[in-house]
Amino acid sequence: MKSLSFEMKNTLLGVPQGSSLSNLLFAIYMNDFPRVIIHSVPILFVDDDYIMICGNPVDININDAIQKLEGDLRAADFWMESNHAKLDSNKIKFIVFAKNVPELLHQLFNL
């Protein structure tokens with residue numbers, strides 16, 4: 001039989017990985033994150049967070065939507081920094097689903 005050894009360490013932040021309480025503690029930790037998202041709909045799923053703006057293309061201006069999303073991303077970044085978390089800018093994606101792609105491209109890029 002192998003002998004096991006371990007070393008106790010103190011932590012000021014985070015949750016020990018593999019702990020039976022880690023999922024619950026992470027959910028509690030992230031619980032107030034949606035409160036900083038003002039213009040978008042926040043969706044929390046495990047350790048992935050999404051923010052989205054939905055609307056009728058007639059009623060929504062793409063440039064206004066982008067400004068609102070950018071504002072919410074700044075708020076999310078501030079919340080993460082204040083709570084000793086990191087927003088990985090390499091994982092940020094911007095996706096648009098639209099019926100009228102030419103009109104959308106015209107709004108975005110004046111094409």
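Procedures and definitions
- Residues numbered from 1 in each chain as written.
- Predicted model: local features only at pLDDT ≥ 70, side-chain atom pairs only at ≥ 80, totals over all residues.
- Heavy atoms only, no water.
- Helix = DSSP H or I, 4+ residues; strand = E, 2+ residues; numbered from the N terminus.
- Buried < 20%, exposed > 50% of the residue type's maximum accessible area, 1.4 Å probe, protein only.
- Contact = heavy atoms within 4.5 Å.
- Areas by Shrake-Rupley, 256 points an atom, 1.4 Å probe, with all protein chains shown as cover.
- Expected span 1.5 Å × (residues − 1).
- Arc of directions from axis to C-beta.
- pLDDT = per-residue confidence, 0-100.
- Core = buried A, V, L, I, M, F, W, Y, C linked by side-chain atoms within 4.5 Å.
- Lys, Arg positive; Asp, Glu negative; His and termini not counted.
- Salt bridge = Lys/Arg side-chain N within 4 Å of Asp/Glu carboxyl O.
- Polar contact = N/O pair within 3.5 Å; in protein donor to acceptor, adjacent residues only side chain to side chain.
- Pairing = 2+ DSSP bridges.

S.K.: Explain the overall build of the chain to me, please; I cannot follow it from the model alone.
M.R.: Scanning the chain from terminus to terminus reveals 3 helices and 2 strands. Residues classed as buried in the chain amount to 12% of the 111 residues present. Restricting the contact set of the chain to residue pairs at least 6 apart, pairs at least 24 apart contribute 44%. If you sum the accessible surface of the chain, you get close to 9800 Å²; carbon and sulfur atoms cover 57% of it.

S.K.: Can you walk me through unusual backbone geometry in this structure?
M.R.: Most peptide bonds adopt trans geometry, and most residues besides glycine take a negative phi value. The phi torsion at histidine 84 lies on the positive side, around 60 degrees, for a residue other than glycine. Along the chain, histidine 84 turns up in the loop between helix H2 (62-82) and helix H3 (101-109). With a relative accessible area of 59%, histidine 84 lands in the exposed category.

S.K.: Which parts of the structure should I look at to understand H2?
M.R.: Since one α-helical turn is 3.6 residues long, residues separated by three or four positions face the same way. Taking 1.5 Å per residue, 21 residues should reach 30 Å; H2 reaches 30 Å between its end C-alpha atoms and fits that length. All of the buried residues in H2 are Ile62, Ala65, Leu69, Asp72, Ala76, Trp79 and Met80. Down the axis of H2, the sector holding all buried residues measures 100 degrees, keeping them to one side. When the buried face of H2 is taken as reference, the exposed residues oriented beyond 90 degrees from it are Gln67, Arg74, Phe78 and Glu81. Note on H2: the residue one or two positions beyond its end, histidine 84, has a positive phi of about 60 degrees.

S.K.: Is there a simple way to explain the environment of cysteine 54 in this structure?
M.R.: Position of cysteine 54 among the secondary structure elements: in the loop between strand S2 (48-52) and H2. Sequence separation between cysteine 54 and alanine 65 is 11 residues; the distance between their C-alpha atoms is 8.9 Å.

S.K.: Sorry if this is basic, but what is going on with the confidence of the model for the chain here?
M.R.: Detailed reading of predicted coordinates is not advised where the pLDDT is low. In this model, the chain carries an average pLDDT of 79, and 86% of its residues clear a pLDDT of 70 or more. The element-level mean pLDDT for the chain is lowest in H3, coming to 69, with H2 highest at 88.

S.K.: How should the nonpolar core be read in this particular structure?
M.R.: Grouped burial of nonpolar side chains is what soluble globular proteins tend to show. In this structure, Met30, Phe33, Ile37, Ala76, Trp79 and Met80 together form the largest nonpolar core, which totals 6 residues. With 3 residues, H2 is the largest single contributor of residues to this core. Other than its neighbours up to four places away in sequence, isoleucine 37 contacts Pro42, Ile51, Asp72 and Ala76.

S.K.: What should I look at first to understand the side chain of aspartate 72 in this one?
M.R.: Relative to the helices and strands, aspartate 72 resides in helix H2. Of the side chains with opposite charge, arginine 74 lies nearest to the buried aspartate 72, which makes no salt bridge, at 8.6 Å. One polar contact links the side chain of aspartate 72 to the main-chain amide nitrogen of isoleucine 38, over a distance of 3.1 Å. Once you skip the residues sitting within four places of it in the chain, aspartate 72 turns out to touch Val36, Ile37, Ile38, His39, Ser40 and Ile51.

S.K.: Got a minute to help me understand the pairing of strand S1 (residues 41-45) in this structure?
M.R.: Side-chain positions along a regular strand alternate between the two faces of the sheet. Judged from the 5 bridges that link them, S1 and S2 form a sheet pairing that is antiparallel. The residue bridging valine 41 from the neighbouring strand is methionine 52, located in S2. In this structure, the hairpin formed by S1 and S2 is closed by a connection of 2 residues, where valine 46 is found at a positive phi of approximately 50 degrees.

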